[in-house]
Each structure stands twice: as C-alpha cells, then as structure tokens.
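Next come the chains, spelled out residue by residue.
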Amino acid sequence: MADLPPWPAPRVEARLRRAKRRDTPYGRILGSMCTPPHPIARRAHGMFLETNLGDHTLFPGCRSIEEELIGMLGALAHHPHAAGYHTSGGTESNVQALRILRNLHRRTAHPNIVAPRSAHFSFEKAADLLRIEFRRAPLGADQRADPAAMERLMDRNTVGLVAVAGTTEFGQVDPIPEIGALARDHHVGLHVDGAFGALVIPFLPRPPRFDFRVPEVATLSIDPHKMGMATIPSGVLLARTQKLLDTLTVQTRYLPTKEQVTLAGTRSGAAAAATYAVLRHLGTSGMKRVVARCMENTRYLARRLTELGTPPLLEPPMNLVAFQVPNVEGAMRLLARRGWRVSRTHRPPALRIVVMPHVTRMALDRFLQDYQKVLRQL
Ligand code: 0PR
C-alpha cells in the first residue's frame, strides 16, 4: 500500500483554494444549465449534510421534507398526489423512467422506446443499462418532435414513448398532447423529460400543456439543479401512481425500510432540503419573477444578435438562444480566449447561450462587445 502522508488542515485547504481559483466563475458561464445556488439553498444544504434518505427511518424529518417537496412539485405539474422521489439529476430520473416503462412490459423480449432525435444523451445510457433499443425519430422544421415520424418507428415491441419539455439544445417543447394520443392509441406509457423545462414552462405567461394534465403522461423528470437554483445534485422523478414506481421495487431485507425503489441506495438529503427551501421561499410568484427576468434577458439577447446579423435560429421558446455563426468551433475558441464560455448545438451547428438567473443584462452587454470583435475575426 502506498503511503498517504497526512497534511495539516491549512495545507489541504490551501490546495483546495488553489484548485477552486482555476474554476470558471459563473459570471463568465453563458452555456450551462446550472447556476449558483440560491443563498437559502446553501444554508439548507449545510443543515442536512449528514442525512441519508436511503435509510429514512433514521431521518424521518428529512424524509418529511422530501415528501413535501414531491407534493409541491406534483402540484406544480398539476398532480398534487403524484408519487416520486428526489434523484441525483436528469440522468437518474430518465434511467428510472425508462426502467418503469420496460418493467411494465416484461413480456417483450426485445423492447424498444421511441423518442425524438432531440432527446438528451442520458437516454443512451439508460438504454444501454436496460438493454432496450432507443429509437430516435427525425424532428420537424421547428426542432420539435414530429409525432408522425415517431409513429413510423413504433412496432409491437415498443414499450413506451419519450417527449421533451425544454430540449437541451434549443429549449423547444414537444407537442406532448399529440404524443400522448399516440401513446394512448398504442397502449404504451409516456415519459416527459422536463429536466430543464419543468421549472420554466409553468411560470411562462402562456404555458403549453406538457405535464400530468396530459392524461397519458406516466412519469416526469424535473431538475431543480438547473432552473430551480438548488444545490447540485438535485433531480426529481414524478410518477402518476405509486404503482408505477413499485415496478422498481427491490427488497432490502435487513433494513427497517424493507424495500426501495430508488436507484441510489445511500442518498444525501442535503440537496433535497436545499430544493425544498428555494421553492418554499420563492413560491410561485418568486419563480415567476425569476423566469420573467430570464425571458426578458433572452429577448434582449435575441434582439441584439439580430441587429448584429446573427439572429436566433428559432424565436426562443425558453431562456435559451441558439444562433448560427460562420465557424462555430472557431467562435467558441475566440470567445473562450476572451474569457467567455458558451456552448453549442449539434444539428444544425450553432452557438448556444442559456440565459440562466446568473446571466445578467450587464454580463450580456459585456459579452456582446466581445462578440462583435470575434465576429469580425471569423
Ligand atoms: N434531460 C435534459 C433535457 C437535459 O438537458 C439534461 C442535462 C439531462 C436530462 C441530464 O441531466 P443531468 O446532467 O442532471 O443528469 N442537460 C445539460 C446538458 O447536457 C447538463 C449540463 C449542465 C451540461 C451544465 C453542461 C453544463 O455546463 O447540456
């Protein structure tokens, strides 16, 4: 065994501080779906650091916070009695949702799931783990799912459908009622990935229908570590009924809890408490204010980009702007040299800015000054 010499705490902490200085400050991050946690989230996280929701009989207080959180998010998604639990984020929620769809149809030897091409890559992980085929249908011109194209990929081994409320690349919302009708006609379940959109759409002035109001929606992913201003990792999986979650049950024979439906065993309650704290503190009116500010800044950015001759590819459906430049990789490199971290889309290739709560008007103005210089260099 190699010797690991002990360091005094100040040395360890100095090392940590040095590492932290190398991290990008959020003021410079324009392409991420994460944002600094709300101050109340930081405090709540600290309060529940030692909790383990995996053995919640030991932490009934923290467990009650998780249950209340599920109720609050269920109510927001028009189903106050939804079942669910706090996950580590969109990937875990999506894995578990596909697992539910597959487990409901155990008779099929070669199950497949049909989704729009825009579905996040976490579904590839889910499909690989679950040994199901993941079929991606082409999108319509507006970057939304095309239900007819999805239907063409369905066959008798299709065990479920996926739709996205707020796509990763364009922030687009799929026609979920239509995809729901498809699920109904073919007697399969529908999972909606609202990792990004489920904490934006309800707070927009005219929200499209995407949640449990669509009767075929079986499960919904929501990521509070994105627009919920929670600490990382914070995801939530909601299910229309407890019976759906019960398809995931394993026995935990020696524990007082007796069974578990979660993917992780040991689960920190800290981020669940942080998520709860933000939602309780801001309420729907506070969340509306946050989303309205993000949308105002989004429209401002879209207008300025249009004036510069690089208009958004789509009228931004959410707080995300994708715009084409002559050389996407080159532009990202030149912007990075000026300290700006933007992201990109894959198809069609474009620069992508996610106007998160930390992306202020002032940050956008500074970015746009540099962007004009970069445009001239491309
Ligand atoms: N579903 C959707 C619609 C997503 O956008 C994402 C992640 C996931 C699921 C998976 O969520 P977790 O990453 O929480 O498991 N979307 C972001 C993306 O891929 C994640 C991200 C965030 C990446 C910040 C980079 C970054 O800096 O773009």
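Only a predicted model underlies this, so the values are computations on that prediction, with no experimental measurement involved. (Residues numbered from 1 in each chain as written. Predicted model: local features only at pLDDT ≥ 70, side-chain atom pairs only at ≥ 80, totals over all residues. Heavy atoms only, no water.)

Re helix α3 (residues 60-76)
Between its first and last C-alpha atoms α3 spans 24 Å; for 17 residues at 1.5 Å apiece the expected length is 24 Å, and the two agree. When we look at burial in α3, the residues that qualify are Cys62, Ile65, Glu66, Leu69, Ile70, Met72, Leu73, Gly74 and Leu76. Looking at the buried positions of α3, the neighbouring elements they touch are β1 (83-87), β6 (217-222), β7 (235-239) and α9 (270-307). Taken from the residues just after α3, His78 is the one with a positive phi, measuring 65°. (Helix = DSSP H or I, 4+ residues; strand = E, 2+ residues; numbered from the N terminus. Expected span 1.5 Å × (residues − 1). Buried < 20%, exposed > 50% of the residue type's maximum accessible area, 1.4 Å probe, protein only. Contact = heavy atoms within 4.5 Å.)

Regarding the nonpolar core
Among soluble globular proteins, nonpolar side chains are generally buried collectively. Formed by 89 residues in total, the largest nonpolar core has its most connected members in Leu73, Leu161, Ile176, Leu190, Leu238, Leu351 and Phe367. In terms of residue count, α9 provides more of this core than any other element does, 16 residues in total. Here Ile176 is in contact with Ala163, Val164, Ala165, Leu190, Val192, Arg209, Phe210, Val214 and Val217, once residues within four sequence places are set aside. Formed by 15 residues, the second largest nonpolar core is a distinct cluster that contains Leu98, Ile132, Phe134 and Val162. (Core = buried A, V, L, I, M, F, W, Y, C linked by side-chain atoms within 4.5 Å.)

Here we look at the site of the ligand
Surrounding the ligand, one finds 17 residues, the nearest of these being Thr91, His120, Thr168, Asp193 and His225. Between Thr168 and the ligand, the recorded distance is 2.8 Å, taken from a side-chain N or O atom to an oxygen atom. Within the side chain of Asp223, an N or O atom sits 3.1 Å from an oxygen atom of the ligand. Within the complex, 74% of the 590 Å² of free accessible area of the ligand lies under protein. It is helix α4 (residues 90-103) that provides the largest number of residues to the shell around the ligand, a total of three residues. The class makeup of the residues in the shell around the ligand is three nonpolar, 10 polar and four charged. (Near = heavy atom within 4 Å. Polar contact = N/O pair within 3.5 Å; in protein donor to acceptor, adjacent residues only side chain to side chain. Areas by Shrake-Rupley, 256 points an atom, 1.4 Å probe, with all protein chains shown as cover. Nonpolar A, V, L, I, M, F, W, Y, C, P; charged D, E, K, R; others polar.)

Points about the packing of aromatic side chains
Taken as a whole, this structure holds four aromatic pairs when the rule is applied. Ring geometry for Phe323 against Tyr371: centres 5.6 Å apart, planes inclined by 90°, an arrangement best described as edge-to-face. Remark: Tyr371 occurs in helix α11 (residues 361-377) and Phe323 occurs in strand β10 (residues 320-323); sequence separation between them is 48 residues. With relative accessibility at 0%, the residue Phe323 sits in the buried group. Their ring planes at 85° and their centres at 5.7 Å tell us that Trp340 and Phe367 sit as a pair that is edge-to-face. With Trp340 in the loop between α10 (328-337) and β11 (343-345) and Phe367 in helix α11, this residue pair connects regions lying 27 residues apart in the sequence. For Trp340, a relative accessible area of 1% gives the class buried. Put simply, the rings of Phe323, Trp340, Phe367 and Tyr371 touch in pairs and so form one group of aromatic residues. Stacked on the ring of Trp7, the Lys or Arg Arg11 has its end atom at 3.7 Å from the ring centre. One residue, Arg361, lies across the ring of Tyr300, its end atom 3.9 Å from the ring centre. (Phe/Tyr/Trp six-rings, centres within 6.5 Å; stacked < 30°, edge-to-face > 60°. Lys NZ or Arg CZ within 6 Å of the ring centre and 35° of its normal.)

Section: the pattern of salt bridges
In total, this model carries 17 salt bridges according to the counting rule given. Between Arg184 and Glu216 there is a salt bridge; the shortest N-O distance is 3.4 Å. With Arg184 in helix α7 (residues 176-185) and Glu216 in the loop between β5 (189-194) and β6, the pair connects residues that are 32 residues apart, well separated along the chain. The class for Arg184 is partly exposed, based on a relative accessible area of 49%. Asp370 is paired through a salt bridge with Arg338; the nearest N and O atoms lie 3.7 Å apart. Here Asp370, found in helix α11, pairs with Arg338, found in the loop between α10 and β11; they are 32 residues apart in sequence, far enough to count as distant. According to the relative accessible area criterion, Arg338 is partly exposed, its value standing at 32%. (Salt bridge = Lys/Arg side-chain N within 4 Å of Asp/Glu carboxyl O.)

Notes on the sheet that holds strand β12 (residues 350-354)
Here three strands make up an open sheet; going across it, the order is β10-β12-β11 and the pairing antiparallel. Pairing within the sheet leaves two strands with one partner each, and these edge strands are β10 and β11. Shown here is a sheet whose adjacent strand axes are inclined to one another by a mean of 35°, direction ignored. Where β10 meets β12, four bridges bridge the pair, whose relative direction is antiparallel. Residue Val321 lies in a different strand from β12, and its bridge partner there is Ile353. (Pairing = 2+ DSSP bridges. Axes fitted to C-alpha atoms, helices over the stretch in contact; angles between N-to-C directions.)

Focus on the sheet that holds strand β2 (residues 112-116)
Strand pairing in a sheet is mediated by backbone hydrogen bonds. Such pairs are either parallel or antiparallel. A sheet is described by the order of its strands in space; here seven strands give the open sequence β1-β7-β6-β5-β4-β2-β3, paired in mixed fashion. For this open sheet the edge positions go to β1 and β3 (133-137), each flanked by a neighbour on one side alone. Across the sheet, the mean angle separating the axes of adjacent strands is 20° when strand polarity is ignored. Sheet analysis places β1 next to β7, joined by five bridges and oriented antiparallel. Paired with Tyr85 across the two strands is Leu237, which belongs to β7.

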